[in-house]
Amino acid sequence: MSVGCAGLLRSAPGRRRTGTDGPRCLPGRAAPGHLRSARARVERAPPAAGLGKVPLRPPRAGYVHVHVKMDLVYGLVWLLTVLLEGISGQGVYAPPTVRIVHSGLACNIEEERYSERVYTIREGETLELTCLVTGHPRPQIRWTKTAGSASDRFQDSSVFNETLRITNIQRHQGGRYYCKAENGLGSPAIKSIRVDVYYLDDPVVTVHQSIGEAKEQFYYERTVFLRCVANSNPPVRYSWRRGQEVLLQGSDKGVEIYEPFFTQGETKILKLKNLRPQDYANYSCTASVRNVCNIPDKMVSFRLSNKTASPSIKLLVDDPIVVNPGEAITLVCVTTGGEPVPSLTWVRSFGTLPEKTVLNGGTLTIPAITSEDAGTYSCIANNNVGNPAKKSTNIVVRALKKGRFWITPDPYHKDDNIQIGREVKISCQVEAVPSEELTFSWFKNGRPLRSSERMVITQTDPDVSPGTTNLDIIDLKFTDFGTYTCVASLKGGGISDISIDVNISSSTDPPAVEPAFLEIRQGQDRSVTMSCRVLRAYPIRVLTYEWRLGNKLLRTGQFDSQEYTEYPVKSLSNENYGVYNCSIINEAGAGRCSFLVTGKAYAPEFYYDTYNPVWQNRHRVYSYSLQWTQMNPEAVDRIVAYRLGIRQAGQQRWWEQEIKINGNIQKGELITYNLTELIKPEAYEVRLTPLTKFGEGDSTIRVIKYSAPVNPHLREFHCGFEDGNICLFTQDDTDNFDWTKQSTATRNTKYTPNTGPNADRSGSKEGFYMYIETSRPRLEGEKARLLSPVFSIAPKNPYGPTNTAYCFSFFYHMYGQHIGVLNVYLRLKGQTTIENPLWSSSGNKGQRWNEAHVNIYPITSFQLIFEGIRGPGIEGDIAIDDVSIAEGECAKQDLTTKNSVDGAVGILVHIWLFPVIVLISILSPRR
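What you see is a predicted model, and the numbers here were worked out from it, not measured in a lab. (Residues numbered from 1 in each chain as written. Predicted model: local features only at pLDDT ≥ 70, side-chain atom pairs only at ≥ 80, totals over all residues. Heavy atoms only, no water.)

Participant: Would you mind going over unusual backbone geometry with me for this structure?
Facilitator: Among all residues save glycine, negative phi is the norm, and among peptide bonds the norm is trans. Cis geometry marks the peptide bond from His136 to Pro137, where omega comes out at 5°. Cis geometry marks the peptide bond from Lys680 to Pro681; its omega dihedral reads -10°. Relative to the helices and strands, Pro681 resides in the loop between strand 51 (670–679) and strand 52 (684–692). Positive phi outside glycine occurs at Cys293, with the angle close to 55°. Tracing the backbone shows Cys293 in the loop between strand 20 (282–288) and strand 21 (298–303). Taking the relative accessible area as the measure of exposure, Cys293 reaches 14% and is therefore buried. (Helix = DSSP H or I, 4+ residues; strand = E, 2+ residues; numbered from the N terminus. Buried < 20%, exposed > 50% of the residue type's maximum accessible area, 1.4 Å probe, protein only.)

Participant: Whenever I open this one, the nonpolar core confuses me. Can you help?
Facilitator: General note: in soluble globular proteins, nonpolar side chains tend to be found buried as a group. Among the nonpolar cores identified, the biggest contains 35 residues, and Phe729, Phe808, Phe810 and Phe866 are the most heavily contacted of them. Examining the composition of this core, we find that 5 residues originate from one element, strand 60 (residues 806–814), more than from any other. Residues contacting Phe810, with those up to four places away along its chain left out, are Leu822, Val824, Trp839, Asn850, Glu851, Ala852, Phe866, Asp881, Asp882 and Val883. Counting 29 residues, the second largest nonpolar core, distinct from the first, contains Val224, Val255, Leu275 and Val300. (Core = buried A, V, L, I, M, F, W, Y, C linked by side-chain atoms within 4.5 Å. Contact = heavy atoms within 4.5 Å.)

Participant: Teacher, can you tell me more about the packing of aromatic side chains here?
Facilitator: Two aromatic rings are characterised by how far apart their centres lie and by the angle between their planes. Per the counting criterion, the structure on display carries 19 aromatic pairs. Ring plane angle 70° and centroid distance 5.5 Å describe the contact between Phe478 and Phe481, whose orientation is recorded as edge-to-face. Judged by its relative accessible area of 61%, Phe478 is exposed. Taken together, a centroid distance of 5.1 Å and an interplanar angle of 85° make the contact between Phe810 and Trp839 edge-to-face. Remark: Trp839 occurs in strand 62 (residues 836–842) and Phe810 occurs in strand 60; sequence separation between them is 29 residues. With respect to burial, Phe810 and Trp839 carry one shared label: buried. One aromatic cluster in this structure is built from Phe808, Phe810, Tyr812, Trp839 and Phe866. Just above the ring of Tyr602 sits the side chain of Arg521; from NZ or CZ to the centre is 4.4 Å. One cation-aromatic arrangement involves Arg702 over Phe606; the distance from NZ or CZ to the ring centre is 5.8 Å. (Phe/Tyr/Trp six-rings, centres within 6.5 Å; stacked < 30°, edge-to-face > 60°. Lys NZ or Arg CZ within 6 Å of the ring centre and 35° of its normal.)

Participant: How should the sheet that holds strand 20 be read in this particular structure?
Facilitator: Strands in a sheet are paired, the pairing made by backbone hydrogen bonds, and the direction either parallel or antiparallel. Pairing within the open sheet is antiparallel, and its 4 strands lie in the order 17-16-20-21. At either margin of the open sheet sits one strand with a lone partner, and together these are strand 17 (245–247) and strand 21. When the angles between neighbouring strand axes are averaged without regard to direction, this sheet yields 25°. In the sheet, strand 20 pairs with strand 21 via 6 bridges, with the strands oriented antiparallel. Note on strand 21: the bridge partner recorded for Tyr283 is Phe302. (Pairing = 2+ DSSP bridges. Axes fitted to C-alpha atoms, helices over the stretch in contact; angles between N-to-C directions.)

Participant: Would you mind going over the pattern of salt bridges with me for this structure?
Facilitator: A side chain with one charge may pair with a side chain of the opposite charge, provided their charged atoms come close. In the structure shown here, the tally under the stated rule is 32 salt bridges. Residue Arg521 is joined to Glu519 by a salt bridge in which the shortest nitrogen-to-oxygen separation is 3.2 Å. The residue Glu782 makes a salt bridge to Arg778 at a minimum N-O spacing of 2.8 Å. Residue classification places Glu782 among the buried positions, given a relative accessible area of 16%. Where salt bridges share partners, they join Asp732, Lys783, Arg785, Arg827, Glu835 and Glu867 into one cluster. (Salt bridge = Lys/Arg side-chain N within 4 Å of Asp/Glu carboxyl O.)

The quantities given are spatial measurements derived from coordinates; they are silent on function.
Here is the structure:
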C-alpha cells in the first residue's frame, strides 16, 4: 500500500478490511476518458471493527492481507471499540464542523480576542470567503449576514456554495457573515467573520449664512459658514485652505474652525465672522483617511464672492397633469437666480426616473408614458449655497387595473354555502386613476341589470372601500343562477373597460385528500399498507372509493363513518411494485392519493472527509480512494453490487464496471474503492448506483480532483495551485506583502504589461499560478514570502535518523526589465529562526517558464519557503507553478542542464547537512 492509502486507513480507527480484485480503471492519455485496464480494491469499514496493522505496500491482485497478530492490550482496545461503536451504530456518520478561510483583496486581517475575526477590504474590491466543512453525510452550507438571510444582499448563486464571492463589494455589504453547516446530526456548526468595508466619498462644500441674515447676496459684516462633508470609513480628517494659505484654528481671528457636536467626525465647518474683503477667495477642503487601504485623499474647491447667492427656479407646467397612456409629456424647469450658476436635476418621489426619459438641461421628456411612469416629479436647483430650490408637479396617467370580486353567501347566517331562499352579495372592486372618473354597470348572462327590490346595486363609500360596487340578490331563487358580469370604465373613454365574470350556482366541492403523493421503498416478500384520508368534501354523503394499480382495479367501496381507506399488500413481488392510486369520489368530482411502491435502493452518500484520498505510484498518474456509505441499507433488499461509472471531466462517454458486495451493508459502514491510473492533474466525474435483485437504485454523482496530499509522510507531493486552499500553502506574517493566486483568464484588465506570465506553466489561460504584484505601492526591496505545509519524514530505521533524499522541483517565471530576486529556503522542525538557502535567481529570464531542480536531505520535518523580492520598478512580477517533491534524488541531467548555476546553493546545503547527520547518528541510542 502506498503511504497515501496508509494514512487513509488510519483515519478510521477500528476498521476491518477485506480485499477483492476488480477491473482497473485506466483513462488513456491518447483518448481521454478511455479505460485501458482495471485494478481496484474494495474495502469496507463497518461501524465496529478490529484494529489491524497497516501494510506498507498495497496487496497485489488475488491476495488478501489479514493481520491477526495482536497482543493483549490491542485485544482489549478492540473489544471496547466493538462495544462502544455497536452501541452508537453510527459508523462514520459525524456532525458537521466548520471554519472560515479568506482570500481575495484584503487590506488587513485581524485576529482579535474572543475569536473575533475582522476582514478589512476596500470598497469595489472582491470579497471571497470560503467555508471549509467536515461531517458525514456531506453537510449543507448556507451563508447568512448578521441575523438574517444574505440572499438579498449578494448573489443568490453563492449563498449555498462553500465559497461566498462578492465582486465590487459596497459599503452596505459590510457586517458579520455567518457560515452555517448542518447534516441532520447534532447541532449545526456555525462560524462567523466580520467584514469592514473602507471607502471615502468626494467631499462636498456648502455655504450658509447665519440664521435670520440670509439675503440674495452676501454683504459685509455678515457671518458665513462653509461646511465640508464627506462620507467615509474609517472617520475622515479635514484640512482647509484659502488660496495657498493653510487655515488652522487660531491662525486668523476672523476664521473659526470647528466640528458640530452632533456630527463629530463627519463634518468640518469653516466660520467666517464679519465677512472681510480678504475673505472673498478660493477655499479648498481636503478629506483624508490617512491612506488606509491605499485610499487617496480627495479635495473640493469653492469660490466665495460678493455675488454668491442661493438658487431660485420656475416650473413651466401645470399641476397636476392628467394624460392617457401612450402620450408624450414634457416638463420644463428654468433658473431665475443663483451664483454660482445652479445645476438642475429631475427626481421622482418614489424610485428612479423611467429609463426612456430624455433629459436636456432643465427639460424632461417622457415618450409614450405608461401607468408605471405616474407620480410626483421634482426639479431641484443646487449650487451648494443655502438650501436647494425645489419645484414639483404630479403626473396622473388614467388607468383601470387589478379587478377582483368576492361573494358573501349569507350575511345573516354562518354558512359558507350558497343556498336557495337566502341572500347573496357579490362585490366587485377595481383600481381606477383618477378615481372620480370611475363608473360601473352590471349584466346577467350578457343582459344589462338595473337596481330593483330583489337585485340591489350600490356603490361603497370611497373612504371605506374605494372603487367598489355591490350587487345584493335577496331571496335567491333557482332562476337567479347564472353568470353575472361587472364592467368598470372611466368617463371620457380612451381606456379599455375591465370586465369581471362571477358564476352563481349550487355549491359542491370535490374531496380533498392526503397524501397527494407518497413514495414507499420496501424489499420483496415484505408487507406494506397504504392509507388515503379524506380532509374535506361537500356534500359529504355519497362518498365512494376505488384502489387501482396502474389501470388494474383492485378494490371499490363506500364510506360509512370512517375518514380513510386502506389497502394492504402482504408480500411484495415484482408484480406488486408500481403506482397505486386511490380515488375518493362524490358528485362534484374526485380526489386522488398516489403511492409509488418501489424496491429501488436509496442513493449512496459519498464520504468527503477521507484523509489524504490522493496517492501516487508513478510520476504522471495518481490513485484516488473513493469512499461512501449507503443511505438506509435495510429499507430494501440486500445490495449485491454497485455500478461504478467514471468519465474524465469535459468528456461525454461513461465507462462502467460493477463492484461486487459480499454480505449485508450496515448503516454507517464505510466502503472504500481505490481508483488507480488516473492522469495527473485531470479531474473525473464518478457515478455510483446500488444494485439489488429489484434492479438499479438511485445514483449519486461527485467530482474527484487531483490535489496535493495534506501533510503527508512524504513520498511525493505536487501542487499546481488549482484548488481553493492552494495545497495548504500560507502567507508569512513577517513579510511586507503577499503572494497572489492568479490565472490569465481572471486577472485584472488593468494589469501591468511587459511583465508576468501570459498563461500557467501548462499553457492554459484558465490554469492558476502564484505571483508577486510589484505595482505601486510596493517599494524596491520589499519581500513576499510563501510557506509550504509542514512535511513529515517517516524514518526507515526506528533506532536512528533517516537520510532520505528528495528531489524538489518547481517552475518559475521572471520576465520584465525590473525583475528582482526569487529565493527558496529550507526550514527544519524546531529551527524557526534558521532558514537554509536552497536556490536563488535574479534578473530578467524572458517571457517563458523555467524549471528548477534541487536535491534536499532533510533530517526531520521541514517546510519550504518561496521569497520574492521587489526590484526597482513595476515591471518585475515573479511567478511560480507546479511545485513538486518526489522521493529520491533528481536526475543528473536535470541538475546539470536546467539548474547548473541557480541550483548550486542546494548542493551546499547537502554538504552542510552531512556532518550534522553523522553527529546525530553517533549520538542516537543503539539497539
